[in-house]
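In case you want the letters, here they are:
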Amino acid sequence: MTLSKIALISAIAAMIAGPALAQPPTPEERAARFEAADKNKDGKLDKAEFVASLPEAAQAMADQIWSARVDTDGDGFVTREQFMALRMGPPRTQ
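Only a predicted model underlies this, so the values are computations on that prediction, with no experimental measurement involved.

1. Let's talk about the overall build of the chain
Then, in step 1: For the chain, the helix and strand inventory stands at five helices and two strands.
Then, in step 2: Across the chain, helices and strands are ordered from the amino to the carboxyl terminus as α-α-β-α-α-β-α.
Then, in step 3: The 94 residues of the chain split such that 33% are buried.
Then, in step 4: For the chain, long-range pairs separated by at least 24 residues make up 57% of all intrachain contacts whose partners lie at least 6 apart in sequence.
Then, in step 5: Summed over its atoms, the accessible surface of the chain is roughly 5800 Å², and 58% of this surface lies on carbon and sulfur atoms.

Following this line, the structure appears as structure tokens:
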């Protein structure tokens with residue numbers, strides 16, 4: 001993975017995580033974010049719903065990581081379970 005790709009993923013994850021980067025969002029906060037993003041209330045997010053739920057500055061970058069990180073099974077949707085399993089926050093360094 002290239003450094004620019006890592007930086008891009010970090011930026012998106014940070015924007016999804018919200019302003020309190022020191023602490024990842026609680027499961028309740030993440031569930032609320034999913035519910036707010038699921039505009040048609042079908043229990044899953046399509047790409048447009050997911051991208052629209054992000055801050056404007058992150059929307060262009062989100063398109064680049066949709067299939068690589070968000071829609072990992074390639075079905076065009078992210079279920080609540082998949083959304084809840086996304087790691088929110090900057091990548092771990094070792």
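Once the structure has been displayed, the description carries forward.
2. A few points about the nonpolar core
Then, in step 1: Membership of the largest hydrophobic core comes to 14 residues, with the highest contact counts inside it found for L45, F50, V70, V78 and F83.
Then, in step 2: Sorting elements by how many residues they give to this core places helix α4 (residues 56–70) first, with five residues.
Then, in step 3: Once residues lying within four places of it in the same chain are set aside, the contact partners of L45 are F34, A37, D38, F50, W66, G76, F77, V78 and F83.

3. Focus: unusual backbone geometry
Then, in step 1: The phi dihedral of K41 is positive, around 55°, even though this residue is not glycine.
Then, in step 2: Positionally, K41 belongs in the loop between α2 (27–37) and β1 (44–46).
Then, in step 3: Take K41: its relative accessible area is 54%, and that puts it in the exposed class.

Conventions adopted
- One numbering rule holds for all chains: residues counted from 1, following each sequence as written.
- The model is predicted, so local features are restricted to residues of pLDDT at least 70 and side-chain atom pairs to those at 80 or more, both for listing and for counting; the totals for chains, interfaces and linings are taken over all residues.
- Hydrogens are left out, water is left out, and the side-chain values use all remaining heavy atoms of the structure.
- We count a stretch as a helix when DSSP gives it H or I for four or more residues in a row; a strand needs E for two or more, and each element gets its number in order from the N terminus.
- For every residue, the accessible area (1.4 Å probe, protein chains only) is compared with the maximum for its type, and the residue is labelled buried under 20%, exposed over 50%, or partly exposed between those bounds.
- When checking whether two residues touch, look at their non-hydrogen atoms; a contact exists if any pair is within 4.5 Å.
- Only the protein chains shown count as cover for residues, with accessible areas throughout obtained via the Shrake-Rupley method and a probe of 1.4 Å.
- Buried Ala, Val, Leu, Ile, Met, Phe, Trp, Tyr and Cys residues that are joined via side-chain atoms within 4.5 Å together make up what is termed a nonpolar core.

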